[in-house]
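Summary of structural features
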Amino acid sequence: MTIGLDLDEVLADFINNFLAYYNDMNKTSFKQEEIYDYNVFRVWKLPKEKIMKSIYDFYKTPYFENIKPISGAVEGVEILSEKHELKIITSRQNDIKQKTIKWIEKYFPNKFSQTYFTNHFSFNGSSSKKSEICLSENVDIMIEDSPEHAIDCASVSTKVMLLNRPWNKSNKFSKNILRVQSWEEIIKNIK
Ligand SMILES: [Mg+2]
């Protein structure tokens, strides 16, 4: 099978480091459990542009450099890579392609045949949909945490495994989207 994997909050623990950065810079104490929408500007009731600027500033800091893998992801990818073709489909911006590829190769060397960037929340260029890549690359299963991307990928008949997170817990999904609690559960379901 071809398995598509989202990067942030599936492989990379982005949000914890971004929160640490944002809280240090702004003297706030925002917490991950409170993020009921991954578009944090909606949760924090701030202009989208301000959050985008903070994210771009974050990319230049050690907070971004020091992002760690999500618990169970390294072991899980190792197991999946034995029998399946793995491709990363991330909404990260084209502006951070190089840094992102470097991070992936540090923690997941030679595990992915491709990494696709759909360039959301970008100051440069237009974004594409993850479903377009699911279609063109014949992705059988997509592993996601974002409800929007999960629904988008499921709309082209890709099966989706959605990691349970504060920002997707209120969503109800069609049967093409399976909610899972952990990497251990992803492995159990794919086997
Ligand atoms: Mg994600």
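Residues numbered from 1 in each chain as written. Predicted model: local features only at pLDDT ≥ 70, side-chain atom pairs only at ≥ 80, totals over all residues.

A word on the overall build of the protein
Worth spelling out the cut-off: Secondary structure elements are taken from DSSP: a helix is a run of H or I of four residues or more, a strand is a run of E of two residues or more, and numbering for both begins at the N terminus. With C-alpha atoms as the basis for the radius of gyration, the globule rule is written as 2.2 Å multiplied by the number of residues raised to the power 0.38. Whether a residue is buried, exposed or partly exposed follows from its count of other C-beta atoms within 10 Å of its own C-beta, namely 20 or more, 12 or fewer, or something in between, respectively; the C-beta atoms are built from the backbone.
Within the protein one finds 9 helices and 6 strands. Against the globule reference of 16 Å for 191 residues, the protein gives a C-alpha radius of gyration of 16 Å, in line with a compact fold. For the protein, the spread of C-alpha atoms along the three principal axes comes to 45 × 35 × 30 Å. Taken over 191 residues, the protein has a buried fraction of 32%.

Considering the sheet that holds strand S3 (residues 114-117)
This is how the line gets drawn: Strand pairing requires that DSSP identify at least two bridges connecting the strands. For helices, the axis comes from a line fit to the C-alpha atoms of the stretch in contact; other axes are also lines fit to C-alpha atoms, and the angle between any two N-to-C directions lies between 0 and 180 degrees.
Reading across the sheet, the 6 strands line up as S3-S2-S1-S4-S5-S6 and stay open at both edges, with parallel pairing between neighbours. Each edge of the sheet is formed by a strand with only one pairing partner; in this case those strands are S3 and strand S6 (177-180). Here the strands of the sheet are splayed against their neighbours by 20 degrees on average, with no regard to which way each runs. Note that strand S4 (residues 141-144) and strand S5 (residues 159-163) share 4 bridges and pair parallel. Residue pairing across strands places Ile 143 opposite Met 161, the latter belonging to S5.

Here's the deal with the domain arrangement of the protein
Formally: Reported domain spans reflect what an automatic or database domain assignment gives. For the purpose of contact definition, each residue receives a C-beta atom placed from its backbone, and two residues are in contact when these atoms lie within 7 Å. Throughout, the ten residues Ala, Val, Leu, Ile, Met, Phe, Trp, Tyr, Cys and Pro are labelled nonpolar, Asp, Glu, Lys and Arg are labelled charged, and all others, Gly among them, are labelled polar.
Under the domain assignment, the protein is made up of domain 1 (2-12 + 68-190) and domain 2 (14-65). Relative placement of domain 1 and domain 2: their C-alpha centres are 21 Å apart. With 10 residues of domain 1 at the interface, the matching set in domain 2 holds 12 residues. Taken together, the residues of the side of domain 1 that touches domain 2 break down into 6 nonpolar, 2 polar and 2 charged.

A few points about the environment of Phe 64
Counting through the fold element by element, Phe 64 comes out in helix H4 (residues 62-65). Residue Phe 64 is classed as partly exposed on the basis of its C-beta count, with 19 C-beta atoms lying within 10 Å. Between the alpha carbons of Phe 64 and Phe 14 there is a distance of 7.7 Å; along the sequence they are 50 residues apart.

Let's talk about unusual backbone geometry
Of note in this structure, Asn 119 is not a glycine but carries a positive phi near 60 degrees. Looking at the element boundaries, Asn 119 is found in the loop between S3 and helix H7 (130-136).

Examining the environment of Phe 18
With respect to the helices and strands, the residue Phe 18 is situated in helix H1 (residues 14-26). The sequence separation of Phe 18 and Ile 55 amounts to 37 residues, and the corresponding C-alpha distance is 7.5 Å. Not counting residues up to four positions away in its chain, the partners in contact with Phe 18 are Ile 55 and Phe 58.

A look at the pairing of S4
This is how the line gets drawn: When the strands point away from the viewer, a crossover counts as right-handed if the path from the first strand over the helix to the second runs clockwise.
Side chains Ile 141 and Ile 143 of S4 all project onto a buried face; the interleaved residues Met 142 and Glu 144 project onto the opposite face, where all are buried too. The parallel pair S4 and S5 is bridged by helix H8 (residues 147-154), and the resulting crossover is right-handed.

Considering the packing of helix H5 (residues 73-83) against helix H9 (residues 183-190)
What counts is decided by this rule: Small angles under 35 degrees read as roughly parallel and large ones over 145 as roughly antiparallel, with 65 to 115 read as roughly perpendicular and the rest as oblique. Two helices crossing with the near one rotated counterclockwise from the far one by less than a right angle form a left-handed crossing, whereas a clockwise rotation gives a right-handed crossing.
Look at H5 against H9: their axes get within 9 Å of each other, and the N-to-C directions meet at 15 degrees. The orientation of H5 relative to H9 falls into the category roughly parallel. Regarding H5 and H9, the two cross each other, and that crossing is left-handed. Seen from H5, the contacting residues are Ala 73, Gly 76, Ile 79 and Leu 80; seen from H9, they are Trp 183, Ile 186, Ile 187 and Ile 190. Here the residues of the contact of H5 with H9 sort into 7 nonpolar, 1 polar and no charged.

What to know about the pairing of strand S2 (residues 85-90)
Judged from the 4 bridges that link them, strand S1 (residues 2-5) and S2 form a sheet pairing that is parallel. Each bridged residue has a counterpart across the sheet, and for Ile 3 the counterpart in S2 is Leu 86. When S2 meets S3, the two strands line up parallel, connected through 4 bridges. Within the sheet, the bridge partner assigned to Thr 90 lies in S3 and is Phe 117. The parallel pair S2 and S3 is bridged by helix H6 (residues 97-107), and the resulting crossover is right-handed.

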